[in-house]
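For reference, the chains in residue letters:
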Amino acid sequence: MRKMGMRLLPMFIILLMLSSTMPISSPDAALSEVDQPSFVPANLKSYDLYLDSPNETISGDGSIVTKEPSGAHEEESAVGGLEFRSRELISDLTIYGSGSGGDKIELNIYLKFEGGDGSTADLTFTLQAGNADIASETKTLNDPCDGGGGFPPGGGDCSWTSNEIFFTIDEDGYQLSKGSQLRLTIDASIDCQGGGGIGGGGASCDVIVAYGDIESTDGTSRLELKANALAESTVKAHAPGSM
């Protein structure tokens, strides 16, 4: 009986050594291998953020506000760049896209491209949080209208056209920090044909952006996004009409 025990002892030691090299499965290890779904809050509200007249309390060529403009029509050339800014945020704010996937912030903007036949314009739209880029998109215009030349711009037979730009952001949203400003920059470069001005942006060619209470249309230039709709959220905490 003692001899049998002595023979079984080496076999037991071998089995023990083999078992020590096998991977140990634990609930934590299994959970770490599972893809975690993206978290998007359920209490999001859609917001229209309008491009409006300049505000003396902030810098920029125009402002970004939550109240629909009802004052003056504004228009400026995008050649050389335009910048719209919100007020400084009084708390952190996470923004999301407005589409079904939650990753598209839409910009509806009214433009007028004046120039001769064959002229083209490239526009760069950049959405920023402070000095950090959130997303950037480009659009090419190749259907200029007859602006009539001369001064002021827009004196010819041209009408405003609505254009849609879609900024792609992470579906988990983008956090704007307290004290930062939401910014939108628009910059146009023109290949002007048919006797264009110096640098492609002279009297014969121009890309003009309309904002504020736009004339001859019921539309507005605006951003469409989603944000937290709780009472303590930044959008709710700001004064009406501000951002």
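Residues numbered from 1 in each chain as written. Predicted model: local features only at pLDDT ≥ 70, side-chain atom pairs only at ≥ 80, totals over all residues. Heavy atoms only, no water.

Further remarks concern the overall build of the protein. Along the backbone of the protein there are 3 helices and 13 strands. Counting the 243 residues in the protein, one finds 38% classified as buried. Contacts in the protein between residues far apart in sequence, at least 24 positions, make up 76% of those at least 6 positions apart. For the protein, the computed accessible surface area is about 13700 Å², with 51% contributed by carbon and sulfur atoms. (Helix = DSSP H or I, 4+ residues; strand = E, 2+ residues; numbered from the N terminus. Buried < 20%, exposed > 50% of the residue type's maximum accessible area, 1.4 Å probe, protein only. Contact = heavy atoms within 4.5 Å. Areas by Shrake-Rupley, 256 points an atom, 1.4 Å probe, with all protein chains shown as cover.)

Leu107, Leu123, Phe167, Leu184, Ile186 and Val207 are the most contacted members of the largest nonpolar core, which has 40 residues in total. In this structure, Tyr110, Ile208, Ala210 and Ile214 belong to the second largest nonpolar core, which totals 5 residues. (Core = buried A, V, L, I, M, F, W, Y, C linked by side-chain atoms within 4.5 Å.)

In this section: the packing of aromatic side chains. All chains considered together, the criterion is met by 1 aromatic pair. With 4.8 Å between their ring centres and 85 degrees between their planes, Phe84 and Tyr211 make a pair best called edge-to-face. Placement of the pair is Phe84 in strand E4 (residues 82-85) and Tyr211 in strand E12 (residues 206-212), with a sequence separation of 127 residues. Here the two residues Phe84 and Tyr211 agree in accessibility, since each one is buried. (Phe/Tyr/Trp six-rings, centres within 6.5 Å; stacked < 30°, edge-to-face > 60°.)

The next subject is the state of the cysteines. Each disulfide consists of one covalent bond between the sulfur atoms belonging to two cysteines. Scanning the entire structure with this criterion turns up 2 disulfides. The side chain of Cys145 participates in a disulfide bridge whose partner is Cys158; the two sulfur atoms lie 1.8 Å from each other. Handedness of the Cys145-Cys158 disulfide follows from its S-S torsion of about 115 degrees: it is right-handed. Here the residue Cys145 occupies a position in the loop between strand E8 (132-141) and strand E9 (161-168), and Cys158 occupies one in the loop between E8 and E9, the gap between them amounting to 13 residues. The burial state of Cys145 is the same as that of Cys158; both residues are buried. Across the disulfide, Cys192 is cross-linked to Cys205 (sulfur-sulfur distance 1.7 Å). As the torsion about the S-S bond is roughly 80 degrees, the Cys192-Cys205 disulfide counts as right-handed. Separated by 13 residues along the polypeptide, Cys192 in the loop between strand E11 (182-191) and E12 and Cys205 in the loop between E11 and E12 bring together distant segments of the chain. Both residues of the pair, Cys192 and Cys205, belong to the buried class. In the protein, the cysteines engaged in disulfides, taken in order along the sequence, are linked 1-2, 3-4. (Disulfide = S-S within 2.5 Å.)

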